[in-house]
Amino acid sequence: MAETCASVGFFAVVPATAAAGLASLLDAAGFADAAIADRALANAVADHKSIFFAEKKSEGELIDYHAAVSGGLCLVPDDGALAKLAADYQQMVDDGLFLDEVESFDALLQQCQAIQQKANAVGTNGELEGRPPA
């Protein structure tokens, strides 16, 4: 299945780099695993985003959020968008928008990649590794 670079849930309302940091915090607290394992929640978020926050890919076609929750989530974009995100993140650091110690952009990307892999594994086989099926 081709990846759909679609954001889900809170990623719709905050800048992508801030969302990456928030995703990292939620993952560290165990909330990401709980949310990923809840397939009903994932499908409800996809339904909601499709209706109220429909967005288009750079090619102009609508993002299929249901594909994103079925194994095609892409939190870490390709190189072109990645460079823009890195610049945005650095601007946020330079502007002092973070209250605490700032993680490196690469560390955030690694955490987002791990969340993406977990979510896509569940979207594909319906189970979060290490958890019994719901």
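Notes on the structure in this doc start here. (Residues numbered from 1 in each chain as written. Predicted model: local features only at pLDDT ≥ 70, side-chain atom pairs only at ≥ 80, totals over all residues. Heavy atoms only, no water.)

### Details of the nonpolar core
Inference 1: Ile-36, Leu-73, Leu-75, Val-76, Leu-82, Phe-105 and Leu-109 are the most contacted members of the largest nonpolar core, which has 15 residues in total.
Inference 2: Among the elements of the structure, helix 5 (79-94) and helix 6 (105-125) are those that each provide at least two residues to this core.
Inference 3: Residue contributions to this core peak at seven residues, all from helix 6.
Inference 4: Those residues within four positions of Val-76 in sequence are excluded, and the remaining contacts are Leu-82, Leu-109, Cys-112, Gln-113 and Gln-116.
Inference 5: Counting five residues, the second largest nonpolar core, distinct from the first, contains Ala-42, Ile-63, Tyr-65 and Val-69. (Core = buried A, V, L, I, M, F, W, Y, C linked by side-chain atoms within 4.5 Å. Buried < 20%, exposed > 50% of the residue type's maximum accessible area, 1.4 Å probe, protein only. Helix = DSSP H or I, 4+ residues; strand = E, 2+ residues; numbered from the N terminus. Contact = heavy atoms within 4.5 Å.)

### Some thoughts on helix 4 (residues 65-72)
Inference 1: Within helix 4, six of the eight residues are buried, which leaves it mostly tucked inside the rest of the structure.
Inference 2: Of the residues making up helix 4, those classed as buried are Tyr-65, Ala-67, Ala-68, Val-69, Gly-71 and Gly-72.

### As for the packing of aromatic side chains
Inference 1: Here the structure, examined in full by the defined rule, presents two aromatic pairs.
Inference 2: Where Tyr-89 meets Phe-98, the ring centres are 5.5 Å apart and the plane angle is 50°; that geometry is what we call tilted.
Inference 3: You can call Tyr-89 buried: its relative accessible area is 5%.
Inference 4: Consider the rings of Tyr-89 and Phe-105, whose centres lie 5.6 Å apart with planes at 45°: the pair is tilted. Placement of Tyr-89 in helix 5 and of Phe-105 in helix 6 is noted, with a sequence separation of 16 residues between them.
Inference 5: Joined through ring pairs, the aromatic side chains of Tyr-89, Phe-98 and Phe-105 make up one cluster. (Phe/Tyr/Trp six-rings, centres within 6.5 Å; stacked < 30°, edge-to-face > 60°.)

### Section: the packing of helix 3 (residues 39-52) against helix 4
Inference 1: One way to put it is that helix 3 packs onto helix 4 with a least axis distance of 8 Å and a crossing angle of 155°. With respect to helix 4, the element helix 3 is oriented roughly antiparallel. Contacts from Arg-39, Ala-42, Asn-43, Ala-46, Asp-47, Lys-49 and Ser-50 in helix 3 reach Tyr-65, His-66, Val-69 and Ser-70 in helix 4.
Inference 2: Considered class by class, the residues forming the contact of helix 3 with helix 4 number four nonpolar, four polar and three charged. (Axes fitted to C-alpha atoms, helices over the stretch in contact; angles between N-to-C directions. Parallel < 35°, antiparallel > 145°, perpendicular 65-115°, else oblique. Nonpolar A, V, L, I, M, F, W, Y, C, P; charged D, E, K, R; others polar.)

### Observations regarding a nonpolar patch on the surface
Inference 1: Taken together, the side chains of Ile-51, Phe-52 and Phe-53 make up a nonpolar region of the molecular surface, amounting to roughly 340 Å² of accessible area.
Inference 2: By the secondary structure assignment, Ile-51 is in helix 3.
Inference 3: Judged by relative accessible area, Ile-51 falls into the exposed class, the value being 62%. (Patch = residues over 30% accessible without salt bridge, like charges linked within 9 Å, V, L, I, M, F, W, Y side chains within 5 Å. Areas by Shrake-Rupley, 256 points an atom, 1.4 Å probe, with all protein chains shown as cover. Salt bridge = Lys/Arg side-chain N within 4 Å of Asp/Glu carboxyl O.)

Remember, this is a structural readout, not a statement about activity or role.
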